[in-house]
Amino acid sequence: MKNSNTKSAALSALSQCSATNPNLTSLFTKYVDKTSVSSWNSVIADLARNGDSLEALRAFSSMRKLSLVPNRSTFPCAIKSCSALFDLHSGRQAHQQAFVFGLQSDLFVSSALIDMYSKCGYLVDARTLFDEIPQRNVVSWTIMFTGYVQNGLSHDALILFKDFLKEESETEGEKEAGIDSVALVSVLSACSRVSGKGITEGLHGFIVKRGFQGDTRVGNTLMDAYAKCGEVGASRKVFDEMDEKDVISWNSMIAVYAQVGKSAEAMELFFALVRDKNVHYNSVTLSAVLLACAHSGALQVGKCLHNQAMKMGLQETVYIGTSVVDMYCKCGRIEAAKRAFNQMKEKNVKSWSAMVAGYGANGLAKEALDVFCCMNSSGVKPNYITFVSVLAACSHAGMLDEGKYWFSAMENRFGIEPGVEHYGCMIDLLGRAGRLGEAYNLIKKMKVKPDFVIWGSLLAACRMHRNVELGEISARKLFELDPKNCGYYVLLSNIYADAGRWDDVERMRLLMKNRGLMKPPGFSLVEIKGRVHVFLVGDMEHPEHERIHAYMEKLYVELEEAGYMPNMTSVLHDVNEEEKGMSIRVHSEKLAVAFGLMNSVPGAAIQVIKNLRICGDCHTMIKLISKIRKREIVVRDSKRFHHFKDGCCSCKDYW
DNA sequence: TTAGGGTTAG
């Protein structure tokens, strides 16, 4: 009796201690009854539960050294620790031992093994074991669903789910079968990865029929699944109809909005969450809202969130740190990004890539390459995305030799096969350097199918260097790949116009008219006092549009006195000079800059975000404004940043 | 007395 009390006291001490101090070795040797298997089981389970998998495996190994016989409760915990560590070697050893002790076909043991194999990427072994289980329950099915999903085979997970339903209907009334909420979450996460609207809707119906629609976690995953197949409205409906929303419900919905670029909705929902006294937001929430700030250039809100993260002691963590860095980069505040980056205690490949991309997009290619070199010497391996950032940095600065060097090193030294994004950067670099033939040859040699970005870069380069022949080839491809995008028709038309081929210009105009194509409307965003204002080209909707247009008239007089001449080369040639002048005067970035000038104190910097690329005339004009009004103006277009100061731009007129 | 799931950054 006394002995058992001591033991339970020891175990309770161990269990309390493990929450704060995972290193239990000393306590272990001191208290635990080393001859009792159940003591060891408790210790291993406790360690595994607290995430100290390495210590759990050590305990398992110590136990074996004492020649104690592990039982059906020992193995699942030990194997779970192998899964958590992705330690296939120890996992296989545990498997062998379980086999020796005749426990391989125990449902709990085999389930843990299936999970271990699939987490280590050995899905075939996992499936073999799964097929050998005489009587599967919903947990073993769920492990197998999740195994497929986590190994990128979500479609197979859905096929398996059909098998499950079949078996469930055959064994109706028996306890083992029967779907539960965990299994549904797993299947829904497969749906979200195959992006099938029909499947998601079907499963939604099933969820309602089986009475799981009130389950918060099922609802959370359903929202995500709808969003991933493009049904953001359906996600919101699920969110609104949820009886109980937890922080993950809010985070999921905010993240959905942030990821699809609905920044205003993401922020609105975040403010609603802040008002909701029942749920406290966390680092995941901040990460998602920071993404919304990055997209919409909401620097003021972004700064507040950064402050909040610091108050919560999160700014040094990888997720938040990277989100903050990305936000500052995308808001054009590279110095602030650098400070946040330097403060991060731990940096992973995404943090480094964000910084490389940030420098590149802000025209600081040398700094981008320096950071990239630091990354290499710090031992973090670059990945596919890192090289997109590196090559994009070279392309933004026209650094052809460096671009070529890293493009070849990427494959030869780092073993990363180039994808369309990498080729896109190279075509852009070669094309703009006037090496059109070389660019075309590279396209012909590509291992992946060239997409519209590739041909679009070549077409733009053909316009720049007046190459009709290659321009026609590129445009023909583009009309097939992306027939509704009128930008290509305009570019080709401009190429013809430059060559004086007016019949072809007319042919293009008719083609566009017959196909009913319209130029996508350009819009710009500017943040004033924490509120983001949207301007469309020729905007008459903004409540202050009359004041803005009056202000612009005055501005034009000043600009013309300073030598401004409208430059209309980027306007379609078929409109007359006067119309061209009018439409170019109301480009959204001009309106946004004017609004920024009107609503900020002299000397304050202005920041504008644009959905399309900036046109030559706006570029010239904003340079001049920065000089005559002594303002720093930052414009982020769809490709990069332009920092205007004292009549110059950071892109050095290369974009 | 042991096995399964949902939200975040490049």
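Residues numbered from 1 in each chain as written. Chains lettered and ligands numbered in written order. Predicted model: local features only at pLDDT ≥ 70, side-chain atom pairs only at ≥ 80, totals over all residues. Heavy atoms only, no water.

For the rest of this paragraph, the subject is the domain arrangement of chain A. Its domain assignment divides chain A into domain 1 (32-136), domain 2 (424-515) and domain 3 (523-649). Computed over C-alpha atoms only, the centres of domain 2 and domain 3 are separated by 28 Å. (Domains from an automatic or database assignment.)

Residue position: N41 is located in helix 3 (residues 37-49). Taking the relative accessible area as the measure of exposure, N41 reaches 10% and is therefore buried. (Helix = DSSP H or I, 4+ residues; strand = E, 2+ residues; numbered from the N terminus. Buried < 20%, exposed > 50% of the residue type's maximum accessible area, 1.4 Å probe, protein only.)

Our next topic: the protein's contact with DNA strand B. Residues in contact with DNA strand B amount to 51 residues; listed here are only the nearest, N137, R217, N220, N251 and N383. Here, DNA strand B places atoms within 4 Å of the protein, and 37% of those atoms are sugar or phosphate. One of the side-chain nitrogen or oxygen atoms of D180 is found 2.8 Å away from a base nitrogen of DNA strand B. A distance of 2.7 Å is found between a base oxygen of DNA strand B and a side-chain nitrogen or oxygen belonging to N251. The leading source of residues in the surface near DNA strand B is helix 19 (residues 318-330), at six residues. The residue inventory of the surface near DNA strand B, partitioned by class, reads 18 nonpolar, 21 polar and twelve charged. (Near = heavy atom within 4 Å. Polar contact = N/O pair within 3.5 Å; in protein donor to acceptor, adjacent residues only side chain to side chain. Nonpolar A, V, L, I, M, F, W, Y, C, P; charged D, E, K, R; others polar.)

With that out of the way, let us pick up the packing of helix 28 (residues 468-481) against helix 29 (residues 487-498). Packed helices, taken two at a time, are described by the angle their axes make and the gap between the axes. The interhelical angle for the contact between helix 28 and helix 29, taken along N-to-C directions, is 165°, at an axis separation of 10 Å. Judged on the interaxial angle alone, helix 29 and helix 28 are roughly antiparallel. Helix 29 is crossed by helix 28, and the crossing has left-handed handedness. Mapping the contact onto sequence places V468, G471, E472, A475, L478 and F479 in helix 28 and Y488, Y489, L492, I495 and Y496 in helix 29. (Axes fitted to C-alpha atoms, helices over the stretch in contact; angles between N-to-C directions. Parallel < 35°, antiparallel > 145°, perpendicular 65-115°, else oblique. Left-handed = near helix turned anticlockwise from the far one by under 90°. Contact = heavy atoms within 4.5 Å.)

So, about helix 34 (residues 616-628). Across its 13 residues, helix 34 extends 19 Å between first and last C-alpha, which sits within 8% of the 18 Å expected from 1.5 Å per residue. Among the residues of helix 34, those classed as buried are D617, C618, H619, M621, I622, K623, L624, I625 and S626. At the exit of helix 34 stands K630, carrying a positive phi of roughly 50°. (Expected span 1.5 Å × (residues − 1).)

Another point: helix 6 (residues 88-100). In this model helix 6 runs 18 Å from its N-terminal to its C-terminal C-alpha over 13 residues, within 8% of the 18 Å that 1.5 Å per residue would give. The set of residues buried in helix 6 consists of L88, S90, G91, A94, H95 and A98. All buried residues of helix 6 project into a common sector of 160° when viewed along the axis, lining one side. What points out from helix 6, more than 90 degrees from its buried face, is the exposed set H89, Q96, F99 and V100. Where helix 6 is buried, its residues touch helix 4 (53-65), helix 5 (74-85), helix 7 (107-119) and helix 8 (123-132). Where helix 6 begins, one side-chain oxygen reaches toward the backbone nitrogen of H89, 3.3 Å away; that side chain belongs to D87. The first or second residue beyond helix 6 is G102, which carries a positive phi of 70°. (Arc of directions from axis to C-beta.)

A few words now on the nonpolar core. One finds V325 and L458 to be the most contacted residues of the largest nonpolar core, which totals 167 residues. For this core, the leading source of residues is helix 15 (residues 247-259), giving eight residues. Apart from the residues within four sequence positions on either side, L458 is in contact with I427, L436, A439, Y440, I443 and S474. Counting 31 residues, the second-largest nonpolar core is a separate cluster that includes A592, V593, A594 and I614. (Core = buried A, V, L, I, M, F, W, Y, C linked by side-chain atoms within 4.5 Å.)

The next thing to look at is the packing of aromatic side chains. One pass over the structure, following the stated rule, counts 21 aromatic pairs. Where Y556 meets Y564, the ring centres are 5.9 Å apart and the plane angle is 45°; that geometry is what we call tilted. Just as Y556 is buried, Y564 falls in that class too. Just above the ring of F130 sits the side chain of R136; from NZ or CZ to the centre is 4.6 Å. Stacked on the ring of F239, the Lys or Arg K245 has its end atom at 5.0 Å from the ring centre. (Phe/Tyr/Trp six-rings, centres within 6.5 Å; stacked < 30°, edge-to-face > 60°. Lys NZ or Arg CZ within 6 Å of the ring centre and 35° of its normal.)

Bringing a nonpolar patch on the surface into the picture now. A grouping of F452, V453 and L481 is seen on the molecular surface, where their side chains present a nonpolar patch of about 230 Å² in accessible area. Tracing the chain through its elements places F452 in helix 27 (residues 452-464). Here F452 falls in the partly exposed class, since its relative accessible area comes to 40%. (Patch = residues over 30% accessible without salt bridge, like charges linked within 9 Å, V, L, I, M, F, W, Y side chains within 5 Å. Areas by Shrake-Rupley, 256 points an atom, 1.4 Å probe, with all protein chains shown as cover. Salt bridge = Lys/Arg side-chain N within 4 Å of Asp/Glu carboxyl O.)

Time to look at the sheet that holds strand 3 (residues 606-610). Pairing is mixed in the open sheet, where six strands are placed in the order 2-1-3-4-5-6. Each of the sheet's edge strands pairs with one partner strand only, and the pair in question is strand 2 (531-536) and strand 6 (648-649). In this structure, strand 3 lies alongside strand 4 (residues 633-636), joined through four bridges in parallel fashion. Paired with V608 across the two strands is V635, which belongs to strand 4. Running at roughly 15° to strand 1 (residues 523-528), helix 33 (residues 588-598) makes contact with strand 1, strand 2, strand 3 and strand 4 of the sheet. (Pairing = 2+ DSSP bridges.)

Turning next to the pairing of strand 5 (residues 641-645). Counting buried positions over the five residues of strand 5 gives four, a clear majority of the element. Connecting strand 4 to the next strand, strand 5, in antiparallel fashion are four residues. The pairing of strand 5 with strand 6 spans two bridges and is antiparallel. For F644, the partnering residue across the bridge sits in strand 6 and is C649. Counted between consecutive antiparallel strands, the loop separating strand 5 from strand 6 contains two residues, among which D646 sits at a positive phi close to 50°.

The next subject is the pattern of salt bridges. All told, the structure shown has 29 salt bridges when counted by the stated rule. Across the pair E472 and R501 runs a salt bridge, and its minimum N-O distance is 3.4 Å. Here R501 lies in the loop between helix 29 and helix 30 (502-514) and E472 lies in helix 28, a separation of 29 residues in the sequence. Under the relative-accessibility criterion, R501 is labelled partly exposed at 34%.

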